[in-house]
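The residues making up each chain are set out below.
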Amino acid sequence: MKAIRRFTVRPVLPDPLQPLSDLARNLRWSWHTETRELFQAVDPEIREAAECDPVRLLGAVRAGRLAELARDEQFLHRLTEASQDLRNYLDGPRWYQEQLELGAELPAAVAYFSPEFGVTAALPQYSGGLGILAGDHLKAASDLGVPLVGVGLLYRHGYFRQSLSRDGWQQEHYPVLDPNELPLTLVREADGTPSRVVLALPGGRSLHAHIWLARVGRVPLLMLDSDVEENAPGEREVTDRLYGGGSEHRLLQEMLLGIGGVRAVRTYCRLTGHPEPEVFHTNEGHAGFLGLERIRELSGTGLDFDSAMESVRAGTVFTTHTPVPAGIDRFDRELVARHFGDDGELPGVGVERILQLGMETYPGGEPGLFNMAVMGLRLAQRANGVSTLHGSVSREMFAGLWPGFDPAEVPITSVTNGVHAPTWVAPEVFRLRNRYGGTPGRWDSAAEVPDRELWELRRSLRAQLVTEVRERLHASWRARDAEPAELGWIDSVLDPDVLTIGFARRVPSYKRLTLMLRDRDRLRELLLHPDRPVQIVVAGKAHPADDGGKRLVQELVRFSDDPRVRHRIVFLPDYGMAMAQKLYPGCDVWLNNPLRPLEACGTSGMKAALNGCLNLSVLDGWWDEWFEPDFGWAIPTADGLALDEDRRDDLEAAALYELIEDRVAPRFYDRGGEEGLPQRWIEMVRRTLGTLGPKVLAARMVGEYVERLYAPAARAGRALDPGTARRLADWKARVRAAWPRVAVDHVEAVAPTAADGSAELGSALLLRARVALGALDPVDVEVQAVAGRVDAADGISDAQVFPLKPAGGQDLEGRWLYEGPLALDRTGPYGYTVRVLPAHPLLATGAELGLVALPAEAAVDGAGVLMR
């Protein structure tokens with residue numbers, strides 16, 4: 001029988017226990033060990049059933065048990081301490097406030113938009129690395145005191161829960177999430193009615209959404225929910241599930257996230273007095289429409305579109321997360337056009353102007369498609385990738401937006417991701433570190449930990465993982481319709497004394513879940529080695545629409561079902577935060593073998609490293625940046641060779657087997673040190689904790705965002721008052737109109753060259769260039785010499801830039817003379833060119849407009865120099 005209405009009955013806490021409600025409603029409990037342990041003590045009998053979610057736990061605990069706790073002096077003392085600690089955390093000054101006291105110019109607030117947030121398993125609003133990164137960003141910002149406001153969507157079904165059929169095929173389940181049973185609060189107006197945002201849709205329809213608030217420590221996270229009575233059935237389902245539905249469904253989600261998200265931020269600031277954000281950070285292209293809403297806001301103050309866009313760009317940061325073009329949302333041009341303009345959202349803003357922001361109007365692009373990442377880049381003055389290598393890949397990937405510039409000069413920088421240690425580090429690791437003088441930001445105390453204690457810690461964590469794996473494997477097989485009598489073998493799955501390798505990711509093809517299966521006989525030999533066995537724990541979800549990914553999962557599952565090896569390799573379904581928090585600490589080695597360079601960052605290896613797990617990875621993402629032999633092993637790759645995919649996989653799989661067999665396993669099992677311990681392995685664990693640990697922290701990452709991106713964006717935004725924004729827009733329009741007549745007409749070099757045309761190291765060239773500026777003045781441009789080593793095709797690499805200065809007025813032909821020295825500071829084949837760029841104090845880089853003038857070949861006189 002089905003209920004005709006659903007509602008939530010909330011528990012009534014006795015007065016002495018009222019602080020439990022505040023503690024449960026602030027997600028800081030998810031990374032604060034003492035608060036978690038307090039809730040676990042509320043009712044040990046039901047804490048597992050509640051999955052350590054305090055809101056669910058308080059809703060399930062018996063009234064009699066609450067009455068007992070209200071009289072328990074010891075519990076009340078712990079409650080008082082936890083409550084006071086939370087107040088101190090929320091109200092006290094932290095790093096950000098200290099920087100302000102020292103005179104730093106920082107934004108009053110930052111709005112951080114993301115399509116998913118992985119804060120805790122109790123709020124399942126994430127699918128993978130993007131969401132987990134966003135959750136860690138919020139938590140680290142809270143710890144540092146950064147005045148961030150998170151903005152996302154509330155998906156009533158989340159992503160999906162994964163199980164396996166009897167034959168190993170992935171099956172998806174979409175549980176219904178009731179916001180009233182989650183650690184959320186509905187944002188309400190002063191009169192108690194729910195706050196809402198409304199978007200206009202074609203045909204006179206509207207999309208309404210409520211705003212739910214999750215408190216992530218000091219950071220408010222606003223989540224928009226379209227499942228409201230005012231909506232028609234189709235609109236109610238806009239926020240049904242993460243990354244579900246067709247193109248129009250996704251477009252509506254992204255309009256709600258971007259446009260509705262800005263309106264939600266304005267509502268929250270109006271109701272609470274929170275400072276209005278000066279910087280808007282778009283985490284991946286899904287939220288790119290936020291820039292259009294901010295342009296609309298400014299257009300209402302009298303600014304024209306171009307002036308408003310300059311103001312918006314100055315205060316916007318865009319982070320791209322994918323080096324895979326297929327990972328970027330692209331919509332049909334006509335679909336986007338239909339949802340904007342006078343019959344849709346943002347009336348008064350020209351549809352063609354909106355379309356121009358996202359169209360792929362560059363060589364190799366598809367002009368009929370609207371690209372969300374392209375719009376994100378065009379609406380942000382500052383952009384970044386998420387590792388040094390990914391920044392380089394992104395500059396190549398989006399170079400078409402800046403024609404005439406080498407990829408190295410494309411204005412996309414990088415901030416390497418980090419992970420939130422209190423979320424991902426096992427409490428046992430923290431306790432051992434603290435016992436030897438460690439602090440939250442310092443891990444060098446690992447040097448003081450005796451070998452025996454460090455080894456016993458690692459074995460203890462491995463043993464905990466073995467227990468966890470057996471429990472999850474038993475549940476998985478029961479869900480696959482196995483009878484209990486068939487599952488006795490699970491009691492001997494894995495061994496707490498065997499080298500344990502972990503591999504857990506989403507399952508797109510480029511992450512190569514099944515690379516380890518390329519030579520199954522060799523893998524079996526590694527798993528069953530009589531003296532140096534290896535055991536592997538694997539987890540991962542394929543996208544529901546990705547049958548290819550599901551086949552990879554099935555292939556791995558079927559291999560792990562083989563009775564010969566099933567005690568040494570397991571696949572655990574339903575990979576998520578709760579599983580990951582057990583998996584990372586319990587593994588000895590973390591495996592990552594993507595197709596290089598398609599891994600943007602790969603933060604799972606960072607989480608493992610913070611627990612003393614060594615990395616075994618392809619040099620991609622963050623590992624390419626920070627790999628040292630002290631921290632693990634680099635899997636050789638064949639990405640520079642012209643090989644077909646199968647041949648490349650064969651070579652790299654063979655390299656992986658060889659590394660495990662010849663280097664990884666022997667080092668783990670080498671017990672020739674004192675007390676029969678693997679001293680060389682322990683030293684690698686120690687170096688991973690003490691040296692690599694501080695690099696991979698989310699606090700480092702967020703600090704870099706503040707100093708390198710947020711603060712400059714805030715300063716740029718403050719500089720663009722309405723009058724300045726108009727003048728900048730007018731200047732850009734004038735420069736673009738005049739640029740076709742800008743040219744480098746003649747270049748000559750005066751050099752102390754030898755008879756063979758070479759020059760001496762340490763000497764200098766005097767360059768002279770005659771430049772036509774058309775309707776522009778010298779103040780509008782910068783003339784530069786670009787010099788460096790040259791290849792056989794005269795391409796310049798490792799370039800240096802030397803400014804050339806005006807040397808007099810215009811000649812009779814209207815050209816300007818520029819000159820300057822070019823220092824010859826390196827040997828070998830060397831060359832230069834001269835170029836003209838737009839120049840303005842409010843440009844972030846000379847490449848910002850994507851305009852450059854270079855000399856024609858006939859304009860160059862003696863332009864090449866061979867150094868000796």
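A brief report on the enclosed structure follows. Just so you know, these numbers come straight off a predicted model, no measurement behind them. (Residues numbered from 1 in each chain as written. Predicted model: local features only at pLDDT ≥ 70, side-chain atom pairs only at ≥ 80, totals over all residues. Heavy atoms only, no water.)

Details of the pairing of strand β25 (residues 796-810)
Going by this rule: Any two strands with at least two DSSP bridges between them are considered paired. Per the convention used, a helix needs a DSSP run of H or I reaching at least four residues, while a strand needs a run of E reaching at least two, with both numbered from the N terminus.
Note: strand β24 (residues 781-790) against β25, seven bridges, orientation antiparallel. Bridge pairing in β25 places Gln784 opposite Pro803. In terms of strand pairing, β25 meets strand β26 (residues 815-823) through three bridges, oriented antiparallel. Of the residues in β26, the one forming a bridge with Gln810 is Trp816.

Re the environment of Thr320
Note the following rule: Pairs of residues are marked as contacts when any of their non-hydrogen atoms sit within 4.5 Å.
Within the secondary structure, Thr320 sits in the loop between β10 (316-319) and β11 (330-332). Linking Thr320 and Leu144, residues 176 residues apart in sequence, is a C-alpha distance of 24 Å. In contact with Thr320, other than residues within four places in its own chain, are Glu284, Asn384, Gly385, Val386, His390, Ser394 and Phe398.

Observations regarding the pattern of salt bridges
For the record, the criterion: Salt bridges are defined by distance alone: a side-chain nitrogen of Lys or Arg within 4 Å of a carboxyl oxygen of Asp or Glu. For every residue, the accessible area obtained with a 1.4 Å probe (protein chains only) is divided by the maximum for its type, and the residue is called buried under 20%, exposed over 50%, and partly exposed between those limits.
Summed over all chains, the structure comprises 64 salt bridges. One salt bridge connects Asp306 with Arg353, and the closest N-O pair in it is separated by 2.5 Å. Of this pair, Asp306 sits in helix α11 (residues 305-314) while Arg353 sits in helix α13 (residues 351-358), and the two are 47 residues apart along the sequence. The exposure class assigned to Asp306 is partly exposed, which follows from its relative accessible area of 31%. Looking at Arg353, the relative accessible area reads 28%, which means it is partly exposed. Arg459 is paired through a salt bridge with Asp497; the nearest N and O atoms lie 2.6 Å apart.

Here's the deal with the environment of Ala580
Inspection of the secondary structure assignment puts Ala580 in helix α21 (residues 577-586). Overall, Ala580 belongs to the buried group, its relative accessible area being 2%. Distance in space between the C-alpha atoms of Ala580 and Ala608 is 9.5 Å, their sequence separation being 28 residues.

Quick word on the side chain of Ser30
We apply this condition: Each polar contact in these results corresponds to two N or O atoms within 3.5 Å; when the atoms are within protein, one needs to be able to donate a hydrogen and the other to accept it, and residues that are neighboring in sequence are counted only if both atoms are side-chain atoms.
Note on placement: Ser30 falls in the loop between α1 (19-25) and α2 (33-40). Under the relative-accessibility criterion, Ser30 is labelled buried at 7%. From its side chain, Ser30 meets the backbone oxygen of Leu27 in a polar contact 2.7 Å long.

Comments concerning unusual backbone geometry
The residue after Arg596, namely Pro597, is reached through a cis peptide bond having omega 5°. In this fold, Pro597 is placed in the loop between β18 (589-592) and α22 (604-609).

Topic: the nonpolar core
We apply this condition: Take the buried Ala, Val, Leu, Ile, Met, Phe, Trp, Tyr and Cys residues and link them wherever side-chain atoms come within 4.5 Å; each set so joined is a nonpolar core.
If you look at the biggest cluster of nonpolar residues, it comprises 103 residues, and the most contacted ones within it are Leu499, Met516, Ile536, Leu616, Trp633 and Trp681. Counting 59 residues, the second largest nonpolar core, distinct from the first, contains Leu222, Leu357, Phe370 and Met372.

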